[in-house]
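Notes for the structure review
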2 protein chains.
Amino acid sequence: MSAPLHIAIDAMSGDRGPSVSVPAALAAAREFRDVRFTLTGRQADLERELQGAAPANVSCLFAKDVVEMTDHPRDALRRKKDSSMRRAIDLVKTGDAHACVSAGNTGALMATAHFVLKMLPGVERPAIVSIIPSRGGHTYMLDLGANASCTPAQLCQFAVMGSVLAADLEGAHERPRVGLLNIGEEEIKGNDVVQAAHNLMAGADINYVGFVEAHDIFSDKVDVVVTDGFTGNVALKSMEGAARLIADLMREEFTRTPLRKLGALAARPAINALRARMDPRRYNGATMVGFKGIVIKSHGGTDLFGFQRAIEAAVLEARNDVTARITQRLGAARDA
Amino acid sequence: MSAPLHIAIDAMSGDRGPSVSVPAALAAAREFRDVRFTLTGRQADLERELQGAAPANVSCLFAKDVVEMTDHPRDALRRKKDSSMRRAIDLVKTGDAHACVSAGNTGALMATAHFVLKMLPGVERPAIVSIIPSRGGHTYMLDLGANASCTPAQLCQFAVMGSVLAADLEGAHERPRVGLLNIGEEEIKGNDVVQAAHNLMAGADINYVGFVEAHDIFSDKVDVVVTDGFTGNVALKSMEGAARLIADLMREEFTRTPLRKLGALAARPAINALRARMDPRRYNGATMVGFKGIVIKSHGGTDLFGFQRAIEAAVLEARNDVTARITQRLGAARDA
């Protein structure tokens, strides 16, 4: 790609809007001096945050509307055509920007991207991909909530897309190991959809390693885990819930007595290191994969650090041109 | 119940067989002096472990076969009619024992209990229930893997059974709060099965609080979480996997430098307290609910401490006569 990379940022998105997104964009602009960033949003809000001090690689595209977290996706799409979210996606549609980032309403972002960008040829449904910390570093998991149920063919498409993402973004794994999430009880080996997807994936041009169980997500056995959006969302929130419970109980135990508090002080370097490794902000920036264009969803409640990670994810995917790579792989699969 | 409580224990079950199950039974026999325990298994194995020193409330019932973890449930049922597992379940069937405990092959245990005990009237499918640690103490969750997919009616039956278990075994909650597991994305509100189950549960005679998300399992918002066995199993193994990863990373960080090791020493009391609270052995002993009789499944890899917890769960359920209570509640629902 000869033109400089260009990332569109929905600056009105997220629980704290421009007060987080704008500083995050400015930090990213300092980090990636060869990348252009366009902030979309209300003129007054953007100007207040920028205070006339935007670096040369940051510009603004003003939009009057803001998609709220409570907006129904259909309403956001139909009634807020001049929203910051829509403008950011439009920039990707026209080819002006190579990727967009939003921390806004997930349903509205998905519906708008679907309507504006359309699906890649050979992909029926978008999927939400995120990285999960694991013993080997991290695991790519999809779908995390875009589809309450999936067909075997859709799961197989997710597998190909996840495989491309893992290969392109990690570098190290030329042939990422792809597993299909199942349960391991003796009598039942998953439902019909999972069985049919297993057969399809075994015949696909991916390094399919077969069924994996949910605890394998955290192991070094697999690089990509495929499942439907219902199960994936439950798995993600189970692990987040468990991690938060452990953090809470740790705090409780470390503050129970004065002696324990002293112990916590002595243990602080190790605990801080652990906290940094498990910090969910480090894993912020899920990819909505399957569209004709790169759409990164940041967690709505994230802070400057987390939002910046989401922007970095957009830069990385745009740099690797993952959309073209997915198209190529799916095209090859159809022609085979 | 005027006859003394009587618990049957499949002593050949579990990764370490009688070397764990027999000492656990002896410990339970000392703890519950008014309860009878019958160990089922191979004569030579039992006699070797007991060494002629069984207390008065422990007896043996010899069985020639052993169901292996690799046995297909159907084969275990058809070809191993004199197995320790079958004998333990038979004792419940004849009314001789009030509950049985096995750490054996889950599929075989389920199939054998299904065949021998039959389902309770009004219950179509058995479900696996376990307690999960939470901020409020713990949450009952079902199904954890007995059914790869469930109908709305079956989920509603699980809700009633889980509610009875939580009420009877906790005492405190006369009307346990029951939630249905769903995902919270804006656009999609779960699949059709979940929607239909939601409507059924709203009309059932339980304290139904509506949809919950997977992170709510660990909160103080709900006492019983209902889901199908596929999702439940994935949720359980996700939380276990996340907890194990955190424990591993903690060990890594606490041993990275000599100074960190000193810090770990100072922090040991708090860390040990945390470990004890999260110890999966404390939560060992899942109930296979829905049969005409109490069947407790211990984790196959557990040790003496964990196996003893499973036996305690059997005693508690037998004492509360949960099977009769479920029958009564489901009967009342049908008559209403």
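Keep in mind that what you see is a predicted model, and the values were worked out from it rather than measured. (Residues numbered from 1 in each chain as written. Chains lettered and ligands numbered in written order. Predicted model: local features only at pLDDT ≥ 70, side-chain atom pairs only at ≥ 80, totals over all residues. Heavy atoms only, no water.)

A closer look at the interface of chain B and chain A
Condition: In what follows, residue pairs with any heavy atoms lying within 4.5 Å of each other are defined as contacts. A pairing counts as a salt bridge when a side-chain nitrogen of Lys or Arg comes within 4 Å of a carboxyl oxygen of Asp or Glu. Under this definition, polar contacts are N or O atom pairs within 3.5 Å; protein pairs additionally need one hydrogen-donor-capable and one acceptor-capable atom, and for neighbouring residues in sequence, both atoms have to be side-chain atoms. Helix and strand definitions follow DSSP, with helices as H or I runs of at least four residues and strands as E runs of at least two, each counted in order from the N terminus. The nonpolar class holds Ala, Val, Leu, Ile, Met, Phe, Trp, Tyr, Cys and Pro. Asp, Glu, Lys and Arg form the charged class, and all remaining residues, Gly among them, are polar.
On the chain A side, the residues contacting the 63 residues of chain B number 63 residues. If you look at where chain B meets chain A, you find 8 salt bridges. For B:E253, the salt bridge is made with A:R277, and the minimal N-O distance between the two is 2.8 Å. Scanning the region where chain B abuts chain A turns up 8 residue pairs in polar contact (both at pLDDT 80 or more). Listed by contribution, the elements that provide at least two residues to the side of chain B that touches chain A are α5 (106-117), β5 (127-134), α8 (229-254) and α9 (258-278) of chain B. Looking at the side of chain B that touches chain A element by element, the count peaks at 21 residues for α8(B). Tallied by class, residues from the side of chain B that touches chain A come to 33 nonpolar, 17 polar and 13 charged.

Some details on helix α10 (residues 304-320) of chain B
All names here are of chain B. Put simply, the test is: Each residue after the first adds 1.5 Å to the expected span of a helix.
Between its first and last C-alpha, α10 extends 24 Å over 17 residues, near the 24 Å set by a 1.5 Å rise per residue. For α10, the side-chain oxygen to backbone nitrogen distance between the N-cap and F305 is 3.2 Å, and the N-cap itself is D303. Just beyond α10, the residue with positive phi is D321, at close to 50 degrees.

A short note on α5(B)
Residue and element names in this part refer to chain B. Counted only if it meets this: Each residue is assigned to one of three classes by its accessible area relative to the maximum for its type, calculated with a 1.4 Å probe on protein chains only: buried under 20%, partly exposed between the two thresholds, exposed over 50%.
Counted at 1.5 Å a residue, the expected span for α5 with its 12 residues is 16 Å, and the 16 Å between its end C-alpha atoms agrees. Of all 12 residues in α5, 10 are buried; the element is thus mostly enclosed. Of the residues one or two after α5, K118 is the one with positive phi, at around 70 degrees.

With respect to the relation of the copies chain B and chain A
What counts here: Least squares is the method used to superpose the copies, on C-alpha atoms of residues holding a pLDDT of at least 70 in both.
The transformation that overlays chain B on chain A combines an axial shift of 0.0 Å with a rotation of 180 degrees, and the residual RMSD is 0.1 Å. Such a combination of rotation and displacement between the chain copies is what one expects of a two-fold axis.

Topic: the packing of helix α9 (residues 258-278) of chain A against α8(B)
Quick reminder of the rule: Between N-to-C directions, angles span 0 to 180 degrees; the directions come from axes that are lines fitted to C-alpha atoms, helices contributing only their stretch in contact. Throughout this description, any angle smaller than 35 degrees is read as roughly parallel, any larger than 145 degrees as roughly antiparallel, any in the 65 to 115 degree range as roughly perpendicular, and the remainder as oblique. By definition, turning the near helix anticlockwise from the far helix through less than a right angle yields a left-handed crossing, and turning it clockwise yields a right-handed one.
Contact pair α9(A) / α8(B): the axes reach a minimum separation of 9 Å and the direction vectors enclose 140 degrees. The angle between the axes of α9(A) and α8(B) places the two elements in the oblique class. As α9(A) packs across α8(B), the resulting crossing turns out to be right-handed. Each of A:A267, A:A270, A:I271, A:A273, A:L274, A:R277 and A:M278 in α9(A) lies in contact with α8(B), whose residues at this interface are B:L245, B:I246, B:L249, B:M250, B:E252, B:E253 and B:F254.

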